Every structure is written in C-alpha cells, then in structure tokens.
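Coordinates in review
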Amino acid sequence: MKKILVTGGLGFIGSHTVVELQNAGFEVVIIDDLSNSSLEVLKGIEDITNKKPEFENLDLKDKSKVITFFRTHHDISGVIHFAASKAVGESVEKPLLYYENNLNTLIYILKEVSGLETSNFIFSSSCTVYGQADEMPITEKAPVKPAESPYGNTKQIGEEIIRDTCKVMPHMNAIALRYFNPIGAHPSAKIGELPIGVPQNLVPYITQTAAGLRDCLSVFGDDYPTPDGTCIRDYIHVVDLAKAHVVALQRLLERKNNSNYETFNIGTGVGSSVLEVIKSFEKVSGQSLNYKMAPRRAGDVIEAFAHTNKANTVLGWKAQSTLDEAMQSAWDWEKHIRNL
Ligand SMILES: NC(=O)c1ccc[n+]([C@@H]2O[C@H](COP(=O)([O-])OP(=O)(O)OC[C@H]3O[C@@H](n4cnc5c(N)ncnc54)[C@H](O)[C@@H]3O)[C@@H](O)[C@H]2O)c1
C-alpha cells in the first residue's frame, strides 16, 4: 500500500481528497496546523471510509519540523500539497503573511520531496492564474496574466518554483492542477466546507443565507456583458475535484506523464452565472433565497470557465456531477452542521 502525504488534509478540498485516496487503497498521512480546519474533520473522514488516516499537527512554516517529518517518514510515495492561506481579500491586507505561508511552506516541502528517491508532487493551483482570459473556454495554453491579489500571485510564483525545480531535477515529477470553482460537499454530509467568519465565496454564502445566518445575499454586479448580466464561473463538485487528484497521482506513480512538470485545468467546462447558481439552489432546496443586486466588486473577472479537453483526454479525468447535485450536497451539509 503506497503512503501519500496530504498537506492541508483537514481542509475543504484536502479532506475530500483523503477520502478518495483511502477509497482507492492508498495509505494517507495528513499534515495540518488546524489554522483553517478542525479535528472534527478527521472523525468525518473515518466515518466515511472506516479508516483513520495518520495525522500530524504541524505548521509547515517551521522548516526544522518539516525536515524532521521527512526523516521519520522515509516511505512517502507522493505528496499532495493543499496547505495554504486562501482568502483573496485578506491577502491584500496581509501580503507578507500570504507570501510566507504559501511560498515558504512550498519551498520547504519541495526541498525534502526532491531529496526522495522517487518524488511525485501535486500542487493546488487555481484558474486565478489566467485572470480575465481573452478567450472562453480557457485552455492551459492561455497566458498567465498579472495577478489581481497577493494570493493569486502565490499561485503563479508557486507554479514557477515547481517548474524551475523540475527543470534541473529530472527525477522530480510534478503536476499543477488549476482548479476552477470548487463547491459542494461529500454526499454523506459528514465533511464539507467550513468557512471561518463571513464566507467569501458564493455557495457557502447562499447556504448560510438560507440557513438564517445571513440576512441577504448581495449579487455583485448585474451589468456585466453576460446573458443575465451576472458573473460566470465554472463550478466543480469537490468530490469530482478530489478524484482528479487520485487520477493525477496515479499518472505520476505509473510514470504516464509526458514531461516531469504538467499543468491541467480542473473544471466542468460549463459556465454558470450567479443567478443560475441561485436558481439551482432554489430548485434543489425548494425554498426561495433572499438576495439583492449590488455594485460590482473590485477584482472580479467577468467570466471564467475551463476548456477540459486536456484533462479529459490526457489526464483521463472528467467531472461527473451536475450543478444541481453539487448545490444539493452543499445544502445537505449546511443543514447537517446547523442541525436543521
Ligand atoms: N477553495 C477554492 O476555491 C480554491 C480554488 C483554487 C485553489 N485552491 C487551493 O486549494 C488548496 C486547498 O484549498 P481549500 O479550499 O481546501 O482550503 P482550506 O483552507 O479549507 O484548506 C487548507 C488547509 O491547510 C491548512 N494549512 C494552512 N496553512 C498551513 C501551514 N502553514 N501548515 C499546515 N497546514 C496549513 C489549513 O488549516 C487548512 O486545513 C489551497 O492551496 C487553495 O489555495 C482553493
């Protein structure tokens, strides 16, 4: 049984990926400092898979602890690196915190991973690297645009650090997965997204409004050049996204990769407007949502949805869930954590 290190494995995407890894027969060790997660998540993972992953409460900014971890875990076959800070607005306020947490941790881990005999590394990147792309859907060949925020910049620089490392270390094998907009929760409603404070993303804001935690959802901008005037994004079910990591890892373990550094868009290929997401929520929940139109928000791009051809044909992965299924799972999760 191959052992995989999942950093940030108690977070939103990490926890769903740990479930899929364990379901696929991998042994998992999680590193997380609980800065944006809770130990409860371990219990949820165990309930779903009947297996408790190994867990280390460790801050990856502590270089000596990272070194010690790898010294005591010689048998790691692959690393999936989720751990990072991810709030775009906060990154504008606290850029150094973001550069330190997102880049130092990456460098410390890469140093250790590159010292392993076989090194297989998967990085959480984002469609934010494309900014407002010139053409829809967005292919992996679309140019990387200047980042709109320090957070976005950490993803661009992170990709460059990995690419440069792979260039001089042929035994290193890495894949950067550029996620579009992950939403939803595990269908069991035992794990899901746990935003701290006011959610920055649309779907948790919708479900919290419906659950009575927020008064009203503000739709930022209804005068964009889109069919209904609201922004368009590619919403991907988090379980589909988690499965993409297992497929990417298997690609590296089986040496099916075409080069030792690859990038893939991970999205559905379907763009949905904010109003379409609200309608989907109202349909699956059977209730109407309290929302109002508000001015545009700085930094929002008009539309972003993925060209999925490379992921479908080269990686061999395709999103399966519909927007309605993802919204249903997000609502089931919200109801579960609010005891509704
Ligand atoms: N959620 C999204 O919309 C989205 C989109 C694109 C990319 N990403 C990227 O995917 C990754 C996972 O995102 P998520 O939504 O699951 O976020 P999350 O905050 O739920 O998970 C990140 C986890 O990393 C942990 N962590 C942070 N800093 C750490 C450190 N120094 N040491 C150890 N653990 C640390 C946190 O406690 C948390 O559990 C991140 O790299 C994020 O930037 C997320």
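Residues numbered from 1 in each chain as written. Predicted model: local features only at pLDDT ≥ 70, side-chain atom pairs only at ≥ 80, totals over all residues. Heavy atoms only, no water.

1. Examining unusual backbone geometry
In this chain, methionine 136 is followed by proline 137 through a cis amide linkage whose omega measures -15 degrees. Even without a glycine there, the phi angle at asparagine 50 is positive, about 60 degrees. Within the secondary structure layout, asparagine 50 lies in the loop between helix 2 (40-49) and strand 3 (54-57). Taking the relative accessible area as the measure of exposure, asparagine 50 reaches 71% and is therefore exposed. One non-glycine residue, arginine 255, lies in positive phi territory at about 50 degrees. In this structure arginine 255 comes out as partly exposed when scored by relative accessible area, which is 38%. (Helix = DSSP H or I, 4+ residues; strand = E, 2+ residues; numbered from the N terminus. Buried < 20%, exposed > 50% of the residue type's maximum accessible area, 1.4 Å probe, protein only.)

2. Considerations on the packing of aromatic side chains
Within this structure, the stated rule accounts for two aromatic pairs. Considering the side-chain rings of phenylalanine 69 and phenylalanine 70, the 5.5 Å spacing of their centres and the 80 degrees angle between planes classify their relative orientation as edge-to-face. For the ring pair phenylalanine 281 and tryptophan 331, a centre distance of 5.2 Å and an interplane angle of 85 degrees mean the geometry is edge-to-face. Here tryptophan 331 lies in helix 11 (residues 323-337) and phenylalanine 281 lies in helix 9 (residues 274-285), a separation of 50 residues in the sequence. The residues phenylalanine 281 and tryptophan 331 share a single accessibility class, namely buried. The cationic tip of arginine 296 hangs over the ring face of tyrosine 224; the distance from NZ or CZ to the ring centre is 4.0 Å. (Phe/Tyr/Trp six-rings, centres within 6.5 Å; stacked < 30°, edge-to-face > 60°. Lys NZ or Arg CZ within 6 Å of the ring centre and 35° of its normal.)

3. Remarks on helix 7 (residues 202-210)
Across the nine residues of helix 7, nine count as buried, placing the element largely inside the fold. Buried residues of helix 7: Leu202, Val203, Pro204, Tyr205, Ile206, Thr207, Gln208, Thr209 and Ala210, and no others. Phi for glycine 212, located one or two positions after helix 7, is positive at around 90 degrees.

4. Quick notes on the sheet that holds strand 14 (residues 303-304)
Spatially, 12-9-14 is the arrangement adopted by the three strands of the open sheet, whose pairing is mixed. Unpaired on one side and paired on the other, strand 12 (272-273) and strand 14 mark the two borders of the sheet. (Pairing = 2+ DSSP bridges.)

5. Observations regarding the state of the cysteines
One pass over the full model with this rule turns up zero disulfides. This cysteine, cysteine 127, is not joined by any disulfide, and cysteine 231 carries the nearest cysteine sulfur, 12 Å off. With no disulfide partner, cysteine 216 has as its closest neighbouring cysteine sulfur the one in cysteine 231, 17 Å distant. (Disulfide = S-S within 2.5 Å.)

6. Concerning the site of the ligand
As a structural note, the neighbourhood of the ligand is formed by 27 residues, with Asp32, Asn36, Lys86, Asn101 and Tyr151 the closest of them. Here glycine 11 contributes a backbone N or O atom positioned 3.3 Å from an oxygen atom of the ligand. Aspartate 32 has a polar side-chain atom sitting 2.6 Å from an oxygen atom of the ligand. Protein coverage of the free-state accessible area of the ligand, which is 820 Å², stands at 95%. Of all the secondary structure elements, the ones that give two or more residues to the shell around the ligand are helix 1 (12-23), helix 5 (95-114), strand 5 (119-126) and helix 6 (150-168). (Near = heavy atom within 4 Å. Polar contact = N/O pair within 3.5 Å; in protein donor to acceptor, adjacent residues only side chain to side chain. Areas by Shrake-Rupley, 256 points an atom, 1.4 Å probe, with all protein chains shown as cover.)

7. Some points on the sheet that holds strand 11 (residues 261-266)
With respect to topology, seven strands assemble into an open sheet ordered 3-2-1-4-5-6-11, the strand pairing being parallel. Each having just a single partner strand, strand 3 and strand 11 make up the two edges of the open sheet. Between one strand axis and the next, the sheet turns by 20 degrees as a mean value, whatever way the strands run. Note: strand 2 (residues 27-32) against strand 3, four bridges, orientation parallel. Paired with isoleucine 30 across the bridge in strand 3 is phenylalanine 55. Here helix 5 sits on the sheet and contacts strand 1 (3-7), strand 4 (76-81), strand 5 and strand 6 (172-179); the angle it forms with strand 5, its principal contact strand, is near 160 degrees. (Axes fitted to C-alpha atoms, helices over the stretch in contact; angles between N-to-C directions. Contact = heavy atoms within 4.5 Å.)

8. Focus: the nonpolar core
Ranked by size, the top nonpolar core spans 36 residues in total, and within it Leu21, Ile45, Ile122, Leu177, Ile266 and Trp317 carry the most contacts. Those elements that place two or more of their residues in this core are strand 1, helix 1, strand 2, helix 2, strand 6, helix 8 (238-253), strand 11 and helix 10 (309-315). In terms of residue count, the dominant contributor to this core is helix 8 (eight residues). With residues near it in sequence (within four places) discarded, leucine 21 still touches Ile4, Val6, Phe26, Val28, Ile80, Val246 and Leu249. (Core = buried A, V, L, I, M, F, W, Y, C linked by side-chain atoms within 4.5 Å.)

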